Amino acid sequence: MLNVEELGFNYKTRKVLEQIHFNLKPGEVLAILGPNGVGKSTLLRCINSIHSPATGTIFVDGEEILSLEKHEVAKRIGYVPQRSEAGRLTAYDAILLGRKPHIGWNIKERDHKIVRSVIMKLELENLALRYINEMSGGELQRVAIARALVQEPKLLLLDEPTSSLDLKKQLEILRTVRQVVKENNVSAVITMHDINLALRFADRYMFLKDGTIFAHGEHDIVVPETIEQVYGVSATVEQLNGYRIVIPND
Ligand SMILES: Nc1ncnc2c1ncn2[C@@H]1O[C@H](COP(=O)(O)OP(=O)(O)OP(=O)(O)O)[C@@H](O)[C@H]1O
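Remember, it's a predicted structure, so these values are computed and weren't measured experimentally.

K.L.:
Hey, could you run me through the overall build of the chain in this one?
P.N.:
Secondary structure assignment for the chain yields nine helices and 12 strands. What you see for the chain is a C-alpha radius of gyration of 18 Å, in line with the 18 Å of a compact globule of 250 residues. Once the C-alpha set of the chain is aligned to its principal axes, its extents read approximately 55 × 40 × 30 Å. Split into buried and exposed, the 250 residues of the chain put 38% on the buried side. Of the contacts formed within the chain by residues at least 6 apart in sequence, a portion of 64% connects residues at least 24 apart.

Structure representation (structure tokens):
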């Protein structure tokens, strides 16, 4: 679904990413982890072609992403940035806007049906007619995720999607994203800071350090050495209730 080959990116003269190389299969959730400022959001923006890489190529569902028109990118990729803009429109209309790449001028009953089903899936019924510029950070974050889901993309790019959510909603959102990925055989790339949440919902993990991949693989790469090397934190990794968990030592 996603092939990133030898990707490098600079902000002006400052090198941010180099030698990023990985694949993601349909039906997989990849968690991108790493310290503040390492380039996680920048990587998502390169995949979504908001940024043009200095080197390398990115293929989504077999198509080179930079060769596609913006609306063609939007048909394939649903991107939720860290901070969403909030205009004076209702949550329902904001979510319906996610259908725009597919519909042109005419909104069909099928579009409303998809919007209603995502609203129910994310339990947003009570927010649907509220204005998004009057919402809390967490409410807005859930609306932005709903909007990406109604796009019915092949690839979801979520930049810290749970950063403003309470514990229950963190679990609900990630469970829903995982369910959508598995049911529709699409893929998701999610940047996160909470390693334990990632260990619960992702299939693969990628740790970035100094602008490049330090480790990439399944949960067995999440070991004390990786945590120490990437974050400079001594930690123990244990198994609890079927999940691997990371516990800092001090
Ligand atoms: N528009 C920009 N212009 C110049 N530098 C930028 C720009 N956006 C980000 N940077 C810098 O590029 C580096 C990578 O930023 P990025 O936002 O990708 O990191 P991140 O890993 O997502 O961080 P965080 O975990 O704090 O969200 C940082 O040093 C940041 O200061």
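What follows continues from the structure just given.
K.L.:
I keep staring at unusual backbone geometry and nothing clicks. Help me out?
P.N.:
Most peptide bonds take the trans form, and the phi angle of most residues other than glycine is negative. Phi is positive for Glu152, close to 50 degrees, though the residue is something other than glycine. With respect to the element layout, Glu152 can be found in the loop between helix H6 (137-150) and strand S7 (155-159). A positive phi angle, near 50 degrees, is found at Asp210, a position not held by glycine. Residue Asp210 is classed as exposed on the basis of its C-beta count, with 12 C-beta atoms lying within 10 Å.

K.L.:
Sorry if this is basic, but what is going on with the UniProt feature "domain: ABC transporter" (unreviewed entry) in the chain here?
P.N.:
Summarizing the sequence annotation, UniProt attributes the feature "domain: ABC transporter" (unreviewed entry) to residues 2-235 in the numbering used throughout. A distance of 32 Å separates the end C-alpha atoms of residues 2-235, which is 36% helix and 26% strand.

K.L.:
It is not clear to me how the environment of Gln229 should be interpreted in this structure. Could you clarify?
P.N.:
Position of Gln229 relative to the elements: it lies in helix H9 (residues 224-231). Exposure remark for Gln229: the 14 C-beta atoms within 10 Å place this residue in the partly exposed category. Separated by 79 residues in the primary sequence, Gln229 and Val150 place their C-alpha atoms 39 Å from one another. When neighbours within four sequence positions are excluded, Gln229 is seen to be in contact with Lys209 and Phe214.

K.L.:
I keep staring at the nonpolar core and nothing clicks. Help me out?
P.N.:
Note that soluble globular proteins tend to have their nonpolar side chains buried in a common cluster. Grouped together as the largest cluster of nonpolar side chains are 71 residues, with contacts concentrated most on Ile47, Ile95 and Val143. Ranked by the residues each element gives to this core, the list is headed by H6, at eight residues. Setting aside residues no more than four positions away along its own chain, Ile47 makes contact with Leu2, Val4, Ile58, Ile65, Leu157 and Val189.

K.L.:
Before we go on, may I ask you to explain the site of the ligand in this structure?
P.N.:
Tyr11, Val16, Gly34, Asn36, Gly37, Val38, Gly39, Lys40, Ser41 and Thr42 make up every residue found near the ligand. For the shell around the ligand, the leading source of residues is helix H1 (residues 40-47), giving three residues. Residue composition of the shell around the ligand, by class: three nonpolar, six polar and one charged.

K.L.:
It is not clear to me how the pairing of strand S2 (residues 14-24) should be interpreted in this structure. Could you clarify?
P.N.:
One face of the sheet, then the other: side chains in a regular strand alternate in exactly this way. As paired strands, strand S1 (residues 2-11) and S2 are joined by seven bridges and run antiparallel to one another. From the neighbouring strand, Leu7 faces S2, where its bridge partner is Ile20. Counted between consecutive antiparallel strands, the loop separating S1 from S2 contains two residues, among which Lys12 sits at a positive phi close to 50 degrees.

K.L.:
How do you make sense of the sheet that holds strand S4 (residues 55-60) when you look at a structure like this?
P.N.:
Across a sheet, paired strands are connected by hydrogen bonds in the backbone, their directions being either parallel or antiparallel. Ordered in space as S2-S1-S4-S5, the four strands form an open sheet in which the pairing is antiparallel. Edge positions in the sheet fall to S2 and strand S5 (63-64), since each has one partner strand and no second. H1 contacts S1, S2 and S4 of the sheet and is inclined by roughly 120 degrees relative to S1.

K.L.:
Looking at this model, I keep getting lost on the pairing of S7. Mind explaining?
P.N.:
When you tally the buried positions in S7, you get five out of five residues, the bulk of the element. Here S7 shows two buried faces, one formed by Leu155, Leu157 and Asp159 and the other by Leu156 and Leu158. Summarising the sheet, strand S6 (residues 77-80) and S7 pair through four bridges and their orientation is parallel. Bridge pairing in S7 links Tyr79 to Leu157. When S7 meets strand S8 (residues 187-191), the two strands line up parallel, connected through five bridges. What sits directly across from Leu156, in S8, is Ala188. Crossover S7 to S8 through helix H7 (residues 167-184) is right-handed.

Rules behind the numbers
Residues numbered from 1 in each chain as written. Predicted model: local features only at pLDDT ≥ 70, side-chain atom pairs only at ≥ 80, totals over all residues. Helix = DSSP H or I, 4+ residues; strand = E, 2+ residues; numbered from the N terminus. Rg over C-alpha atoms; globule rule 2.2 N^0.38 Å. Buried ≥ 20, exposed ≤ 12 C-beta atoms within 10 Å, placed from the backbone. Contact = placed C-beta atoms within 7 Å. UniProt positions renumbered as here; feature names shortened; annotations may be inferred. Core = buried A, V, L, I, M, F, W, Y, C linked by C-beta atoms within 7 Å. Near = placed C-beta within 6 Å. Nonpolar A, V, L, I, M, F, W, Y, C, P; charged D, E, K, R; others polar. Pairing = 2+ DSSP bridges. Axes fitted to C-alpha atoms, helices over the stretch in contact; angles between N-to-C directions. Right-handed = clockwise from strand over helix to strand, strands pointing away.

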